[in-house]
Amino acid sequence: GSQLRFDGVDLVGMERVSLRVSSAGEGGFIELRAGSVDGPILGSTEVVPNGAWEDWYEIEIPITDPGGPHPLVVRFHNPNGGGGLMNLDRICFLRAEQSLSDLLPPATDPSQN
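As the structure is a prediction and not an experimental result, all values here were calculated from the model.

(A) Region of the structure containing the nonpolar core. With 19 residues, the main nonpolar core has I30 and L32 as its most contacted residues. Among the elements that line this core, the one with the most residues is strand β2 (residues 14–23), at 4 residues. Filtering out sequence-adjacent residues up to four positions away, L32 remains in contact with V17, P40, I41, L42, G43, I61, I63, L72, V73 and V74.

Written as structure tokens, this is what we have:
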């Protein structure tokens, strides 16, 4: 039942979202909603537990543009209840022609420092 809210998010031209997640807990669902926690669902996905809180993986989901800037609510829930559902580290909004690597800085090799 937890949520994040970002005001004035304009999704014009955005086709999908990449979420960097992990779960050593119950897992559950992430919903992206327009306007409020009860607003229209723009996209959703299940977060499957992977057994580690810091072992991140990416989930890419299609989204619907609600038209113009709106508050964006990211809702976390599990219909079976429980706590410690999941971690969310990053949200990246992607246009049709973009890949996640287009948005992220080049990876650095810690052994080179």
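(B) Region of the structure containing the side chain of N78. Topologically, N78 is positioned in the loop between β6 (69–77) and β7 (87–95). Look at N78 and you get buried, because its relative accessible area is 14%. One polar contact links the side chain of N78 to the main-chain carbonyl oxygen of E26, over a distance of 3.5 Å. Within the structure, N78 has its side chain in polar contact with the backbone nitrogen of N80 (distance 2.7 Å). What N78 contacts, discounting residues up to four positions off in sequence, is E26, G27, G28 and L85.

(C) How the structure looks around the sheet that holds β6. Spatially, 4 strands are ordered β1-β6-β3-β4 in an open sheet, and the strand pairing comes out antiparallel. A single partner strand is all that each edge strand has here, and the edge strands are β1 (2–10) and β4 (41–47). With strand direction ignored, the average angle separating the axes of adjacent strands in the sheet is 15°. Inspection of the sheet shows strand β3 (residues 28–34) paired to β6 by 6 bridges, in the antiparallel sense. From the neighbouring strand, I30 faces β6, where its bridge partner is F76.

(D) Quick peek at the side chain of S22. Topologically, S22 is positioned in strand β2. Excluding residues that lie within four positions of it along the chain, S22 makes contacts with V47, N50, A52, W53, E54, D55, W56, Y57, M86 and N87.

(E) Structural detail: the pattern of salt bridges. By the definition in use, this model includes 7 salt bridges. With a shortest N-O distance of 3.1 Å, R75 and E31 are connected by a salt bridge. Here R75 is found in strand β6, whereas its partner E31 is found in strand β3, with 44 residues between them in sequence. When its relative accessible area of 22% is taken as the criterion, R75 is described as partly exposed.

How each quantity is defined
Residues numbered from 1 in each chain as written. Predicted model: local features only at pLDDT ≥ 70, side-chain atom pairs only at ≥ 80, totals over all residues. Heavy atoms only, no water. Core = buried A, V, L, I, M, F, W, Y, C linked by side-chain atoms within 4.5 Å. Buried < 20%, exposed > 50% of the residue type's maximum accessible area, 1.4 Å probe, protein only. Helix = DSSP H or I, 4+ residues; strand = E, 2+ residues; numbered from the N terminus. Contact = heavy atoms within 4.5 Å. Polar contact = N/O pair within 3.5 Å; in protein donor to acceptor, adjacent residues only side chain to side chain. Pairing = 2+ DSSP bridges. Axes fitted to C-alpha atoms, helices over the stretch in contact; angles between N-to-C directions. Salt bridge = Lys/Arg side-chain N within 4 Å of Asp/Glu carboxyl O.

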